[in-house]
Amino acid sequence: MRAPTAAPPHPADFASIVRRHTPLVHATAMRVLHSHADADDVVQETFLAAWTHLGSIVDAAAIGG
């Protein structure tokens, strides 16, 4: 049984999270992939997955928004 979750964040709040964490995600992808285009794709896929799975986040503080 899943724990109840809070209401999903407002899109503007999610945009703030994306702006805050994009540099770290991109830098990490660059260290692994050595390609700006591939790193850009990883950033996009990362935040798409995060948006898609927002309802499963139990502790919103864990994402550092």
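Everything numeric here is computed off the predicted structure, so don't read it as measured data. (Residues numbered from 1 in each chain as written. Predicted model: local features only at pLDDT ≥ 70, side-chain atom pairs only at ≥ 80, totals over all residues. Heavy atoms only, no water.)

**Digging into a nonpolar patch on the surface**
On the surface, Val32, Leu33 and Val42 cluster together to form a nonpolar patch covering roughly 230 Å² of accessible area. On the secondary structure map, valine 42 appears in helix 2 (residues 36–52). Take valine 42: its relative accessible area is 32%, and that puts it in the partly exposed class. (Patch = residues over 30% accessible without salt bridge, like charges linked within 9 Å, V, L, I, M, F, W, Y side chains within 5 Å. Areas by Shrake-Rupley, 256 points an atom, 1.4 Å probe, with all protein chains shown as cover. Salt bridge = Lys/Arg side-chain N within 4 Å of Asp/Glu carboxyl O. Helix = DSSP H or I, 4+ residues; strand = E, 2+ residues; numbered from the N terminus. Buried < 20%, exposed > 50% of the residue type's maximum accessible area, 1.4 Å probe, protein only.)

**Observations regarding helix 2**
Along its 17 residues, helix 2 runs 24 Å from first to last C-alpha, staying within 8% of the 24 Å computed at 1.5 Å per residue. Against helix 1 (11–33) lie the buried residues of helix 2. (Expected span 1.5 Å × (residues − 1). Contact = heavy atoms within 4.5 Å.)

**Brief notes about helix 1**
Bending of helix 1 peaks at approximately 45 degrees at the position of histidine 21, with proline proline 23 no more than four residues after it. Residues of helix 1 that are buried sit in contact with helix 2. Following helix 1 by one or two positions, histidine 34 adopts a phi angle in the positive range, close to 55 degrees. (Bend = angle between axes of the 7 residues up to and from the residue.)

**Describing a negative patch on the surface**
On the surface, a cluster of negative charge is made up of Asp38, Asp40, Asp41 and Glu45. With respect to the helices, strands and loops of the structure, aspartate 38 is situated in helix 2. You can call aspartate 38 partly exposed: its relative accessible area is 38%. (Lys, Arg positive; Asp, Glu negative; His and termini not counted. Charge placed at Lys NZ, Arg CZ, Asp CG, Glu CD.)

**Remarks on the environment of alanine 15**
Looking at where alanine 15 falls in the secondary structure, it is placed in helix 1. Separated by 32 residues in sequence, alanine 15 and phenylalanine 47 place their C-alpha atoms 9.8 Å apart.

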